[in-house]
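Inside the fold
Now for the letters of each chain:
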Protein chains: 4
Amino acid sequence: MVKVGIIGAGRIGKLHITSICTRVRNGVIKTVADPFMNEETAAWAESMGVQHTTTDYKEILNDPEIDAVLICSSTDTHSSISVEAINAGKHVFCEKPIDHDLAKIKEVVKALEGKDLKYMVGFNRRFDTHHAAVRQAIVDGKIGNMELVKISSRDPEPPSIEYVKGSGGIFMDMMIHDFDMVRFLTGADVEEVYTISNVLVDPAIGEAGDVDTAIVSLKMSNGALAVIDNSRRSVYGYDQRLEVFGSKGMVQDQNVGANNTIISNENGVTTEKPVNFFLERYLDAYAKEITSFIDCIENNTPAPMDVWDGLKPVMIAQAATISSKEGRPVKMSEIKF
Amino acid sequence: MVKVGIIGAGRIGKLHITSICTRVRNGVIKTVADPFMNEETAAWAESMGVQHTTTDYKEILNDPEIDAVLICSSTDTHSSISVEAINAGKHVFCEKPIDHDLAKIKEVVKALEGKDLKYMVGFNRRFDTHHAAVRQAIVDGKIGNMELVKISSRDPEPPSIEYVKGSGGIFMDMMIHDFDMVRFLTGADVEEVYTISNVLVDPAIGEAGDVDTAIVSLKMSNGALAVIDNSRRSVYGYDQRLEVFGSKGMVQDQNVGANNTIISNENGVTTEKPVNFFLERYLDAYAKEITSFIDCIENNTPAPMDVWDGLKPVMIAQAATISSKEGRPVKMSEIKF
Amino acid sequence: MVKVGIIGAGRIGKLHITSICTRVRNGVIKTVADPFMNEETAAWAESMGVQHTTTDYKEILNDPEIDAVLICSSTDTHSSISVEAINAGKHVFCEKPIDHDLAKIKEVVKALEGKDLKYMVGFNRRFDTHHAAVRQAIVDGKIGNMELVKISSRDPEPPSIEYVKGSGGIFMDMMIHDFDMVRFLTGADVEEVYTISNVLVDPAIGEAGDVDTAIVSLKMSNGALAVIDNSRRSVYGYDQRLEVFGSKGMVQDQNVGANNTIISNENGVTTEKPVNFFLERYLDAYAKEITSFIDCIENNTPAPMDVWDGLKPVMIAQAATISSKEGRPVKMSEIKF
Amino acid sequence: MVKVGIIGAGRIGKLHITSICTRVRNGVIKTVADPFMNEETAAWAESMGVQHTTTDYKEILNDPEIDAVLICSSTDTHSSISVEAINAGKHVFCEKPIDHDLAKIKEVVKALEGKDLKYMVGFNRRFDTHHAAVRQAIVDGKIGNMELVKISSRDPEPPSIEYVKGSGGIFMDMMIHDFDMVRFLTGADVEEVYTISNVLVDPAIGEAGDVDTAIVSLKMSNGALAVIDNSRRSVYGYDQRLEVFGSKGMVQDQNVGANNTIISNENGVTTEKPVNFFLERYLDAYAKEITSFIDCIENNTPAPMDVWDGLKPVMIAQAATISSKEGRPVKMSEIKF
């Protein structure tokens with residue numbers, strides 16, 4: 001039984017609490033820490049089976065019974081708490097991104113050196129049934145050599161301008177998931193990125209220094225060519241599609257609707273639009289992600305992702321941002337770590 | 001070059017004229033006869049390449065140069081003109097049905113005895129690309145032994161009450177195509193039919209002594225079970241679907257839309273509804289049907305259908321009509337020929 | 001908090017235990033009884049959060065703290081335990097069918113008279129997301145007046161011959177779900193059934209006095225026509241499809257695959273076949289079913305189904321069986337209760 | 001009745017002859033010229049209804065009865081024959097591309113100045129039912145403001161190396177259709193292109209100085225972002241898909257299979273792969289294209305495309321080729337005309 005502490009009981013922290021308490025047979029939550037822990041949250045956590053709640057995350061780090069920590073706090077604390085947790089000998093699951101600043105990530109990498117600890121970053125989409133099946137088809141040789149990869153990610157609606165301002169920009173905040181996905185699908189690294197982008201959804205996003213619509217083309221280290229498109233607004237719901245084309249065929253996945261009914265009437269033949277956002281779309285993926293983390297600790301097997309998998313998408317996001325601003329292709333070798 | 005005469009220049013006659021003049025390389029139309037032949041129709045026919053028009057179909061029968069006759073006149077004349085044409089030594093393509101009266105069909109059968117003539121009835125759906133591919137999958141063994149057959153045919157809207165009154169009823173007028181289809185798909189004969197039916201679309205259809213909605217279940221001579229449903233009104237267009245299930249799998253076909261676009265918006269994900277009626281849906285099938293008739297004459301190969309294929313659906317329609325009226329299963333052996 | 005006792009800890013009992021312990025926030029299992037309760041099962045139940053296990057179901061009935069009983073024991077005990085539980089003042093959730101014998105069901109009906117207890121029968125498919133959405137579309141008026149209903153249910157492979165012998169036949173064992181579904185979809189009752197059936201999958205099923213392939217057509221009390229087809233073997237997986245056609249359109253649902261990938265290669269464009277059997281296909285529906293039962297107790301609202309909904313499909317199955325054996329339509333008025 | 005002369009009786013010339021003779025009611029072919037005209041071709045043309053054949057295309061240009069010329073000769077003669085035909089006062093339909101050399105196209109533009117002649121270039125895909133329906137949905141406002149455009153074109157197999165060497169490269173030979181399509185869909189011009197490309201299909205293509213796999217991202221003059229991918233080999237057939245995303249929704253089209261059957265078996269649920277190449281896929285589009293050309297002459301309405309529509313894709317192809325070779329974004333303003 002792996003004993004877990006959870007740092008941060010916001011939306012994503014609560015999601016992981018629910019997953020562990022209801023779906024993970026080999027993990028138990030000893031402590032949940034949140035600086036804003038209140039009675040309601042504490043009562044809810046206890047009703048789920050959490051043993052203890054606190055406002056001080058150091059209680060978790062100092063507890064020798066706790067094997068593993070989930071860092072679900074605000075982004076700016078991810079790297080420093082990671083370092084602390086590693087130094088306290090804990091396995092770490094850290095929500096994405098580790099940090100926007102490579103120097104901070106470097107500290108985490110250094111802290112991990114020589115330690116036999118798992119460090120996994122929360123790129124939840126890898127654990128989605130459909131996306132994982134796309135990867136599996138590739139691994140199984142069903143499409144031969146990879147040649148073209150296409151990823152679409154479009155959010156149902158833009159976040160608030162306040163959120164945009166602190167988000168690190170569309171490439172760091174949103175497309176980072178797709179940068180992880182292109183690495184996951186291809187098993188290869190990015191060598192060069194080129195971005196075209198625009199402000200088409202809301203001028204206020206442009207005024208905040210960001211863009212809301214972008215296409216990034218990528219040269220991969222295995223010779224494959226890839227392209228990712230993002231939009232901050234998709235009126236038909238949360239659009240999440242993959243397509244990988246190779247010498248022996250193509251594998252794609254489809255959006256997921258609330259149900260699979262088909263209604264035929266005078267207006268046409270209509271199926272449900274995609275479910276509206278990531279908590280619905282990826283609920284099951286989040287649970288599989290945490291299960292996978294607990295399992296690799298229990299069985300002492302390699303984690304499905306490591307700190308480098310957490311780092312690389314941040315570097316690609318930086319390159320894509322530079323390309324967007326400077327209007328030129330950016331080689332990954334320009335981004336120094 | 002097969003020389004053809006066409007008797008009847010109404011909607012379906014014109015369709016066959018167009019097919020032969022534009023798509024059939026080995027057939028030429030010498031004469032088109034229609035009692036109501038007018039200048040406009042004659043001019044149109046000549047512009048298509050027809051050599052001669054007349055009001056008297058006997059000109060066609062008496063013309064020793066003409067090899068084959070297409071009977072596209074009103075249903076009540078199909079059988080008598082068939083007999084005349086056969087006796088004149090012509091190959092015959094007759095629009096469906098040969099007649100509602102089995103005695104009249106018997107005269108056609110007798111006329112054909114001992115003659116080396118093709119006699120083909122216009123069950124155009126057999127020549128539809130999609131339906132033919134379903135049959136081909138069965139022939140190719142892709143579904144193993146046939147076990148269940150399901151056919152849906154729903155017209156976009158009911159015909160006029162005048163038409164209904166003279167139509168012979170839904171089973172003779174509309175479901176007759178599906179009775180042919182179930183024979184085509186299975187390569188077997190019907191042994192028993194049972195009908196449930198109702199007047200759900202328009203009470204006037206009931207007052208005319210007919211029904212507008214029906215499900216007929218059929219026991220086939222090869223042991224397969226089949227079911228056909230018909231409705232006189234489908235607001236989403238002309239619904240034409242087949243499903244055949246067997247020991248090794250299932251083959252189905254789908255409706256055909258005007259185009260294959262998909263529109264995703266706030267209301268869902270929408271494709272085009274089926275094309276609206278048989279002239280659009282089966283335009284290509286009509287041309288293939290006539291091509292097939294001309295080819296079998298030129299090459300002296302068996303026609304894809306013969307007079308018995310024209311007869312059997314009429315008998316099944318009679319059984320289904322009795323079942324509908326009497327509320328009991330009707331064995332095909334009850335229908336005497 | 002509704003306190004529950006579970007009688008029977010076989011496959012379906014365990015499924016409900018898991019659902020309640022992990023997904024039902026307002027229900028708790030006090031006791032699980034099974035005559036074959038062993039240490040392994042008891043340990044598993046306790047690890048799930050069950051408070052107590054026993055071999056004697058009377059402990060549950062006699063426990064004044066327990067509000068509701070789930071009867072998951074063998075079919076032949078359903079009705080007698082139902083009566084006992086009702087008499088002990090418990091709300092009852094009973095797995096389907098209540099009994100094959102109408103007299104036994106009558107005893108349950110009588111026991112319920114004058115008591116303010118919920119009695120719900122486990123027709124799980126009503127709670128499937130997709131099937132429920134079909135019903136909702138009808139309720140919402142999206143297809144206008146119902147005219148035609150088509151239901152396909154095909155099992156991946158036949159059960160053992162031993163099972164077949166004790167199953168009550170395909171209509172009582174398998175199609176009973178579809179008889180419930182046609183009532184659920186239409187909100188109407190069946191007035192007449194007619195069965196065509198055959199032994200096409202395995203002669204041993206015929207030797208056991210049963211059939212393995214059947215089409216049943218049904219006249220509904222609201223005038224709609226319905227047809228159900230069943231097969232004991234579908235090589236492509238568990239086939240579960242609904243289609244309801246009406247004056248304003250059609251609603252259908254589709255099978256559910258293990259994932260939604262599409263692979264295009266030299267052989268065609270291929271998606272996953274349906275998931276293999278009911279535990280996978282309806283896992284979520286089982287949880288929603290139990291949630292719904294607990295909720296209606298907690299809120300004292302009407303259960304979504306009552307004892308009559310448990311009774312009627314048994315009566316329809318009896319009629320369909322008679323029709324299959326006697327080759328004639330059977331009116332529901334012939335089946336006396 | 002528009003009188004037409006056809007210059008070039010190769011594959012595409014024959015296709016247009018067939019279209020005009022069988023499907024175009026208001027056009028007639030007076031003369032077909034081909035330097036390699038032989039008896040077989042002449043006999044075939046006459047059997048189709050062509051009045052005259054010759055080896056000398058000047059017969060067509062000098063014939064005052066001929067209104068319009070179709071230039072279906074080899075690419076290197078397109079521009080010079082265009083100029084001759086224009087100077088002879090003929091309307092011109094020219095197969096794509098006008099030329100690879102902008103100076104040659106300039107001569108055509110100059111020849112047209114001040115003349116009231118139609119000049120249409122054969123970008124057949126605009127006339128495909130499905131692609132045209134995508135454009136129509138945009139025009140009808142169904143997706144609001146255009147934001148993202150994605151086009152996939154993948155050929156079933158690479159052409160011969162000899163063909164590759166003379167083709168002008170993948171951008172001029174193959175992607176030129178997509179450059180036309182992105183202009184057609186958006187109604188806007190390209191402002192900048194950036195190419196990533198590779199040799200993944202056949203090293204011999206690389207040795208010939210070309211690439212076989214490419215992704216081109218494009219900034220459009222209306223602010224939309226676009227991306228086109230091409231591959232010279234798609235094992236599942238001729239892949240031709242469009243996707244346009246906007247503020248109110250998305251419109252896509254799908255590949256076209258030989259038929260629309262669905263086979264479900266142990267391997268999955270399989271539909272037909274796309275039809276194998278352009279003559280099958282676009283047969284109907286070619287006929288609509290020619291019909292459209294003849295119609296605009298007869299009615300003296302603007303042609304659906306003009307010489308600038310023939311020029312622009314050549315310029316974009318040049319920019320994409322430069323980008324591919326130099327590894328940098330190329331602005332369209334760099335390509336001087």
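Quick notes on the rules
Residues numbered from 1 in each chain as written. Chains lettered and ligands numbered in written order. Predicted model: local features only at pLDDT ≥ 70, side-chain atom pairs only at ≥ 80, totals over all residues. Heavy atoms only, no water. Pairing = 2+ DSSP bridges. Helix = DSSP H or I, 4+ residues; strand = E, 2+ residues; numbered from the N terminus. Axes fitted to C-alpha atoms, helices over the stretch in contact; angles between N-to-C directions. Salt bridge = Lys/Arg side-chain N within 4 Å of Asp/Glu carboxyl O. Buried < 20%, exposed > 50% of the residue type's maximum accessible area, 1.4 Å probe, protein only. Domains from an automatic or database assignment. Buried area = accessible area lost by both parts, 1.4 Å probe. Nonpolar A, V, L, I, M, F, W, Y, C, P; charged D, E, K, R; others polar. Contact = heavy atoms within 4.5 Å.

Here we come to the sheet that holds strand β6 (residues 119-121) of chain D. All names here are of chain D. Strand order in the open sheet formed by 6 strands is β3-β2-β1-β4-β5-β6, with parallel pairing between adjacent strands. Lying at the two open borders of the sheet, with one neighbouring strand each, are β3 (52-54) and β6. Ignoring which end each strand starts from, the neighbouring axes of this sheet average 20 degrees apart. Examined bridge by bridge, strand β1 (residues 2-7) and strand β4 (residues 68-71) share 4 bridges and lie parallel to one another.

Let's shift gears to the pattern of salt bridges. Considering all chains together, one arrives at 103 salt bridges over all chains under this definition. Put simply, C:Glu243 and B:Arg154 hold a salt bridge, and the shortest N to O gap is 2.8 Å. On the criterion of chain membership, the pair formed by C:Glu243 in strand β11 (residues 239-246) and B:Arg154 in strand β7 (residues 146-154) is interchain, its members lying in two chains. Since its relative accessible area comes to 8%, C:Glu243 is described here as buried. In this structure, C:Lys331 engages C:Glu192 in a salt bridge whose closest nitrogen and oxygen atoms are separated by 3.6 Å. Here C:Lys331 is found in strand β15 (residues 330-331), whereas its partner C:Glu192 is found in strand β8 (residues 190-198), with 139 residues between them in sequence. Of the residues examined, C:Glu192 reaches a relative accessible area of 4% and is grouped as buried.

This part covers the domain arrangement of chain A. Residues and elements named next belong to chain A. On domain assignment, one finds that chain A holds domain 1 (2-117) and domain 2 (126-275 + 313-334). Its C-alpha centre places domain 1 at a distance of 28 Å from the equivalent point of domain 2. Both faces combined, the contact of domain 1 with domain 2 buries some 580 Å², and carbon together with sulfur accounts for 67% of it. In terms of surface lost to domain 2, no three residues of domain 1 exceed Lys96, His100 and Leu102, which account for 81% of the buried area on that side. For the interface between domain 1 and domain 2, the tally reads 0 salt bridges. By residue class, the composition of the side of domain 1 that touches domain 2 is 3 nonpolar, 1 polar and 2 charged.

Residue and element names in this part refer to chain A. One can find Ser323 in helix α13 (residues 307-326). Accessibility expressed as a relative area gives 0% for Ser323, which makes it buried. Those residues in contact with Ser323 that sit more than four places away from it in its chain are Val193, Tyr194, Thr195, Arg328, Pro329 and Val330.

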